[in-house]
Amino acid sequence: MRTLIQFSRGNTSKQAHRDLPDLRDEELTREGFDGREAVLYRRNDPTTFRTTGRFRATNALLSEVKPSDLTDAQGTAQRLYYNSDATIWLSRRAEPMPFFRRNVDGDECWFVHRGSGRVETEFGPLTFEPGDYVVIPKAITHRWVVESGESSLLGIETVGELRAPTYVGLGRHAPFDPDVIRVPEPAAEESTEAEYEIRVKYDGEYSSLFVDHHPCDVEGWKGDYFPFAFNIRDWNVIMSDSLHLPPSMHVFLVAEGINIINLLPRPFESVSGVERIPWYHRNADYDEIALIHGGNSLGRPLKAGLISHDPQGIHHGFPERARAKARREWDDHTRIEWEIIMIEAKRPLKLDPVLHQPPTG
């Protein structure tokens, strides 16, 4: 429910997230950042707590998770998180797939954290490199061919159809120009083998089709349903000079119950008194997953490959020392150079047992 009616009580700043009193500001929001909200001005850091049970933040390094496709070309990606709307996967394939895939259960969006190569599809091949999203819509036959060396791909499989959100008032070319999306050119492949395997995912189970011709024998295509690739370097960051904008301003793709978000390098806010570091947050309606792809914050490198999960309703945010550093070193930094891929999930996410770890307090 949207409303312009709001109240202010007690010790607050005149504008949210600007010219704070000696307090910590926390934002409690509905519908991500699109619904009603409350800004709470606290004496203490709300992210300092001890927890028991499932309601806790967790994190892991992608380099420490070992899917079966890391050591076996016939292997598969490793499930990380899941709910009824989406499943988050990790692939670390070191060799080309010796088979083709067709997912009839949903769309797939893969973010390339490490590695390069090409995806062979019925529509034609798509090359990939670090920073790419590769989107494979439902039921399209494809095969991942990695070049020498290991890949690291974060996959978002959605039950609903992936699409770009409507950027109200921003125009057709913001925050990305559709011309920078890479679509495949047809490249009909000749058959060189007696038989090809297509592994089909249907209702959570895999079956195999065997065909006597190359699955990528298409000589032409037209329409508005196709695989594509997009690199984060082509993203245009929307920003304000006087207010740190919330992640909802940086949504790339959406599906039912899922938002995929880019938090990328940009100039810092420059108006005096503005809080440059994201405020403490309690997202009442979305679980949040964040993958650090690279970059740095306030001159300190971020831990590339770290993935975190914050369940809805839990306090999270940068530590207080980062906020103090941002204020203290205001004149030393003109940009934030982070590269973070974020996923919001409307329904609570479950963790695969591979990620289960004891609470650390």
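Calculation criteria
The residue numbers shown here count from 1 along each chain, following its written sequence. At least 70 in pLDDT is required for a residue's local features to be given in this predicted model, at least 80 for side-chain atom pairs to be given and counted, and no such filter applies to totals for whole chains, interfaces and linings, which use all residues. Side-chain metrics in this entry use all non-hydrogen atoms of the structure; hydrogen atoms and water are not considered. Segments assigned H or I by DSSP are reported as helices when at least four residues long, segments assigned E as strands when at least two residues long, and all are numbered from the N terminus. Taken over C-alpha atoms, the radius of gyration is set against a globule rule of 2.2 Å times the number of residues to the power 0.38. Throughout this description, buried means an accessible area under 20% of the type-specific maximum (1.4 Å probe, protein chains only), exposed means over 50%, and partly exposed covers the range between. By the convention used here, residues are in contact when the closest approach between their heavy atoms is within 4.5 Å. In these tables, accessible area is a Shrake-Rupley quantity obtained with a 1.4 Å probe, and a residue counts as shielded only by the protein chains included in the view. Positive: Lys, Arg. Negative: Asp, Glu. His and the chain ends are not part of the count. The atoms used to mark charge sites are NZ of Lys, CZ of Arg, CG of Asp and CD of Glu. At least two bridges found by DSSP between two strands are what make those strands a pair. The aromatic pairing rule takes the rings of Phe, Tyr and Trp, using the six-membered ring of Trp, and pairs them if the centres are within 6.5 Å, calling planes under 30 degrees apart stacked, those over 60 edge-to-face and the rest tilted. With a 1 Å grid spanning the protein atoms alone, the term cavity applies to any set of points in which a 1.4 Å probe fits but cannot get out, the term pocket to an open set with protein on both sides within 12 Å along at least five of seven lines, and the term lining residue to any residue with an atom within 4 Å of a point. Grid points are joined across faces, edges and corners, and a volume is the space filled by probe spheres set on the points. Amino acid classes used here: Ala, Val, Leu, Ile, Met, Phe, Trp, Tyr, Cys and Pro are nonpolar; Asp, Glu, Lys and Arg are charged; the rest, including Gly, are polar. Between N-to-C directions, angles span 0 to 180 degrees; the directions come from axes that are lines fitted to C-alpha atoms, helices contributing only their stretch in contact.

*Asks:* I'd like a rundown of the overall build of the protein, residues and numbers included.
*Replies:* A count of helices and strands for the protein gives one helix and 27 strands. What you see for the protein is a C-alpha radius of gyration of 22 Å, in line with the 21 Å of a compact globule of 361 residues. Structurally, the protein occupies a C-alpha span of about 75 × 45 × 40 Å along its principal axes. Counting every position in the protein, which comprises 361 residues, the buried fraction comes to 50%. Contacts in the protein between residues at least 24 apart in sequence constitute 74% of all its contacts with a sequence separation of at least 6. Of the roughly 18,200 Å² of accessible surface on the protein, a fraction of 48% belongs to carbon and sulfur atoms. Mean positive and mean negative side-chain charge positions of the protein (43 and 56 charges, respectively) differ by 9 Å.

*Asks:* Which residues make up the sheet that holds strand β19 (residues 280-283), and what values do they have?
*Replies:* Across the sheet, four strands lie side by side as β2-β1-β19-β24; this open sheet has mixed pairing. Pairing within the sheet leaves two strands with one partner each, and these edge strands are β2 (37-42) and β24 (315-316). Across four bridges, the pairing between strand β1 (residues 24-29) and β19 is parallel. Residue Glu27 lies in a different strand from β19, and its bridge partner there is His281.

*Asks:* Lay out the packing of aromatic side chains with the relevant residues and their values.
*Replies:* Aromatic rings considered in pairs are described by the distance between their centres and by the relative angle of their planes. Tallying each qualifying case throughout the model produces 15 aromatic pairs. Ring centres of Phe128 and Trp144 lie 5.1 Å apart, and the angle between their planes is 65°; this geometry places the pair in the edge-to-face category. Taken together, the residues span a long stretch of sequence, with Phe128 in strand β9 (residues 124-128) and Trp144 in strand β11 (residues 142-146) at a distance of 16 residues. You can call Trp144 buried: its relative accessible area is 4%.

*Asks:* Any chance you could break down empty space enclosed by the protein for me, citing the residues and the numbers?
*Replies:* Counting across every chain of the model gives one cavity of 30 Å³ or more. Volume-wise, the largest cavity comes out at about 40 Å³. For the lining of the largest cavity, the elements supplying multiple residues, two or more each, are β8 (117-121) and β9. Residues belonging to the lining of the largest cavity are distributed by class as follows: three nonpolar, two polar and two charged.

*Asks:* Account for the sheet that holds strand β17 (residues 258-263), naming residues and giving values.
*Replies:* On the basis of which strands lie adjacent, the open sheet formed by six strands has the order β3-β23-β20-β26-β17-β16 and antiparallel pairing. Two strands close off the open sheet at either side, each with one partner strand: β3 (58-61) and β16 (251-255). The mean inter-strand angle of the sheet, taken between neighbouring strand axes irrespective of direction, is 15°. Direction of pairing for strand β20 (residues 287-294) relative to strand β23 (residues 306-310): antiparallel, over a ladder of four bridges. Bridged to Glu288 within β23 is Asp310.

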